[in-house]
Amino acid sequence: MPGVTIEGLQKWYGGSQVIRDLHLTIPDGAFVALVGPSGCGKSTTLRMIAGLEMPSGGRIYIGSEDVTARPPAKRGVAMVFQSYALYPHMTVRDNLEFGLRVAGAKLADRVRRVTAAAEMLHLSDLMERRPSQLSGGQRQRVAIGRALVREPSVFLFDEPLSNLDAQLRAAMRIEIKRLHQTLRTTVIFVTHDQTEAMTMADTIVVMRDGNLEQIGSPLEVFERPANRFVAGFIGAPSMRMFDGRVEQDRMVLADGTALQLPGHVAHLAEGTEVTMGLRPEDLVVEGHGTLPVRPCFFEAPVLLTEPLGNETLIVMPFAESEAVARMYRPRPVAPGEVLRFAVDLDRIHVFDQKSGESLRRASAPGQT
Amino acid sequence: MSGIPALPALPPRGAAARRPVRLTAEERAVRRRDYFSAILFMAPALLLVSIFLLAPVVYNILISFTGWSHFKGFNRFVGLANYRHAINNPDFSAAASNTVVWVIASLVLPVLIGLGLAVLLRGLKGEEFLKTIFFLPRLVAPTAIGAIWYYVYADNGVVNTILKQVGAGRFAESWLYQASTATPAMIIAYVWQTTGLVMVLLLLGLAALPRDPIEAATVEGASRWQIFRHIVLPMLMPTVLVVTTISIIAGFTTFDLVWVMGRDYPNPSSLTLAIHQYWESFRSGHWAYGAAIAVLLGGIALIVTLLQVILQQRVESRIR
Amino acid sequence: MSVAGSSRRFALAGAATLAVLWLVPFYYAVSTICKSTAQYLSGTPLSLPPSLSSLPGNIEAAWAQTQMGQGMLNSLGYGVLGAGGAVLAAASAAYALARIVFPARTTWFMVIFAGTVFPFQIYLIPLFQGYARFGLLNTRLGLLMAYMAICVPFPTLVLRNHMGQIPRDLDEAARMDGCSHFRIFRSIILPNSTGPLIALFLLQFTWIWNDLIFSMVLTTETAQRSVMNALMVFQGNYAGTTPNLVITASVLASLPTVAVFLLLRRYFMQGLSLSVHA
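Reading the values: the criteria
Residues numbered from 1 in each chain as written. Chains lettered and ligands numbered in written order. Predicted model: local features only at pLDDT ≥ 70, side-chain atom pairs only at ≥ 80, totals over all residues. Heavy atoms only, no water. Axes fitted to C-alpha atoms, helices over the stretch in contact; angles between N-to-C directions. Helix = DSSP H or I, 4+ residues; strand = E, 2+ residues; numbered from the N terminus. Parallel < 35°, antiparallel > 145°, perpendicular 65-115°, else oblique. Left-handed = near helix turned anticlockwise from the far one by under 90°. Contact = heavy atoms within 4.5 Å. Nonpolar A, V, L, I, M, F, W, Y, C, P; charged D, E, K, R; others polar. Buried area = accessible area lost by both parts, 1.4 Å probe. Salt bridge = Lys/Arg side-chain N within 4 Å of Asp/Glu carboxyl O. Polar contact = N/O pair within 3.5 Å; in protein donor to acceptor, adjacent residues only side chain to side chain. Phe/Tyr/Trp six-rings, centres within 6.5 Å; stacked < 30°, edge-to-face > 60°. Buried < 20%, exposed > 50% of the residue type's maximum accessible area, 1.4 Å probe, protein only. Lys NZ or Arg CZ within 6 Å of the ring centre and 35° of its normal.

**Digging into the packing of helix α5 (residues 142-152) of chain B against helix α14 (residues 243-263) of chain C**
Inference 1: Viewed as axis vectors pointing N to C, α5(B) and α14(C) meet at an angle of 150 degrees, and their least axial separation amounts to 9 Å. With respect to their mutual orientation, α5(B) and α14(C) come out roughly antiparallel. Like other packed secondary-structure pairs, α5(B) and α14(C) cross with a definite hand, here left-handed. In this structure, α5(B) contributes Ala144(B), Ala147(B), Ile148(B) and Tyr151(B) to the contact, and α14(C) contributes Pro243(C), Val246(C), Ile247(C), Ser250(C) and Ser254(C).
Inference 2: Looking at side-chain class alone, the contact of α5(B) with α14(C) contains 7 nonpolar, 2 polar and no charged residues.

**Remarks on the interface of chain B and chain C**
Inference 1: Taken together, the 89 residues of chain B in the interface contact 90 residues of chain C.
Inference 2: Of the roughly 8100 Å² buried where chain B meets chain C, counting both sides, 79% is carbon and sulfur surface.
Inference 3: Three residues, Phe41(B), Leu139(B) and Tyr151(B), lead the burial of chain B against chain C; their summed loss comes to 10% of the area buried on that side.
Inference 4: Seen at the junction of chain B and chain C, the total is 0 salt bridges.
Inference 5: At the junction of chain B with chain C, the criterion picks out 8 residue pairs in polar contact (both at pLDDT 80 or more).
Inference 6: Take the side of chain B that touches chain C: its biggest share by element is 20 residues, from helix α1 (residues 25-63) of chain B.
Inference 7: Across the side of chain B that touches chain C, the residue classes break down as 64 nonpolar, 16 polar and 9 charged.

**Some details on the packing of aromatic side chains**
Inference 1: Under the criterion given, the structure shown has 39 aromatic pairs over all chains.
Inference 2: Taking 5.2 Å as the distance between ring centres and 85 degrees as the angle between the ring planes, the aromatic pair formed by Phe282(B) and Phe128(C) counts as edge-to-face. With one member in each of two chains, Phe282(B) in helix α11 (residues 273-283) and Phe128(C) in helix α6 (residues 121-134) form a pair that bridges those chains. For the pair formed by Phe282(B) and Phe128(C), the shared burial category is buried.
Inference 3: In textbook terms, an aromatic cluster arises when at least three aromatic residues are bridged by ring pairs, as seen for Phe255(B), Trp259(B), Tyr278(B), Trp279(B), Phe282(B), Trp287(B) and Phe128(C).
Inference 4: Cation over ring: Arg146(A) sits above Tyr87(A), and NZ or CZ is 4.8 Å from the ring centre.
Inference 5: Its guanidinium or amino end placed over the ring of Phe109(C), Arg160(C) lies 3.9 Å from that ring's centre, counting from NZ or CZ.

Okay, here's the thing in structure tokens:
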């Protein structure tokens, strides 16, 4: 039985449309990340699933029930807010218990659930404290605990990790994933950080301007982006784009550089205007990484280096623009030094220059 | 539950889509429920205010146009007769001129003294203690203060006794009963009472000022007086405005203190508009006339408040 | 802006002098209440009382002759119920104005706030006449309702501002927990507004306790009168003969508000700063 289904969801604010005809099916037990730039509508979508906002059109189903008209408390969902939204005047225990008390649950029930949640989140020692006496990470956990206690069918997270420092964020990511593995409840997780989305979710939903750009597993979204936007959004450092056109069996870029058309785009018609995308991973520095099966070599002077320790990012000019390569097991490199690079033709991405759609043969954009 | 309205065809992806606001049935239902809840929440306050405050205002304005006096003439419409009577009434003029003195004094004196005190006391040791001393009179009812100061000004009271002891006995007066001294004497009692409040409000305003501009000016070598005049005072303006408005309105509506200290009415030397209004309405039975005076007082209060709001905005936009 | 060095000493001296001057009337009052009528009339006003022996007698006489017990009881009722009811009504309205989205919110607020714009004179005649018509004249309920109504607008303003500052996602979390508006008001917003609520209650209580004019107009008998009204009546009748008693009565009538202030000064000051910023 599917976890959450959205049909034809729309949302208008004032005169502008924020969510356009969204269709989405989330299977039960999935960990879905809704990811996209600011203003893409991911939080709005989440809030509509939660029941905090009403859609202007479309239906929302949780399980098999149409919950579009139901208030939040009757949907079987629970939400963790970006700012945690803990009740400042209540103790941790009261914060956890509050929802249950409002629902009229019996004391034994409440105690059982609250104790269980507290244990799972290591909050048992903090039960009598107020939110103002807790650290950021502890408050996070109370917020999660409050959601846990409701034993919902769907967990909703609205950018919960943005207020934490990097170390804490990494730790909480693991906690949340572990929670999901234990409980196996559907999770919908909104974030603007694509790394977070990629590491935590088993399904990624990329949104832009109220539209669903692509839905798929992290690997799918990374290796087979449906369009230029998704390609550029997912993966860090991001993919570099180069305009060109198809001539016979090659792709000719802005400065005349020609690349043999690889198999997955060999079907393209003569004269097609395309954009080629190149990830740093797919540009190998000779001698510092496995050479691709079908390499295409070129030489270029180094413009900039970013040493990361285990690897160095090299920025070099390419086709009247710049490309980035990863140099594994690096040695010191000076700007201006000329290096030999190999392009992995099998892994380049090709998009239609105007529409941005992926031109990979037999690639379904992945929209449901 | 149906209710998904038929939507116009969607514009191409990426284009800015616009349409007039049309809500789903569910949205409308939620908004209706919210409106209803809001009204319920506001109901107690609304009921109290409409019945006991707003309706009376309307009623008062209406009465002021009738000839209501004692028991006759409730329904007799006389237009602006009451207002004309006010202008021609010598009692009214005496009260009005006294009230003007009150307003000016209650504006200037507490604000000046209060400002001076506020500046003096800032950061001083014992600030809290001194604040309490000056503020204490504010808590005592004007009635009680009037009763006490009545004896301060009595023939054998504190003031006269001190004067006699320093050899200035010929200045001893029947302070509250002489035309020239009655109002000033009462004003002193009033200032004694309210300066504390003005001072506290100004202190609060001073405390809220940002420190940086003042520190910058000190570094640039400005003298304390210059800093005060050109930096502190302008930034304090919003607070000063609020305090001024409160003082003005309090000044011309003050009743308790004057009533208790004045005692033998109608006494033109200490008459104020507030007393005059009360006397005419409730002792002489000139209801319509009393209502007219009340309307005049209300009008002045409105104008003053409006001026303050306008000035406030202008002052605040200048300090931004 | 602070004052430095020798000018600091000068300022301190100046302030201290002013403070002493300020205290003279207090001293006068306190010393007078300890004198019997004879002692007062025979000595000078500012002289120290010979002993404290007349104090209990003064208190007893003043209390009885002004019927202060009744007056204080009345004022206590007016103050607690009037201020309490007003602040609660204001909190309720402020919640709607600050947290619920509905049309013309500012207009509704203006309707409530319009009550404070006018000086009190404009309410006197209509309330008097209206009360006479409906049998509310000289009733405790009538005066109480008038006090309550007058004390509503200002707290509404202050509380609306305060509640507007409370983060909105608390409401949303509460909605996820299944709260109705009323539950949110009761369990979330009110508990997070205790500071302003208490401060406003104190301010309004003091105002009601100190009021004279409304009691004068709307009540005619001792049984319903406020304490200040009782004091005024007493002073009107007995001023010439027993100043020490009048002053004793004044001091007695003022003790409650002064005591409340001294005990709860923090809340009072908070109430004042709320007033300025509103």
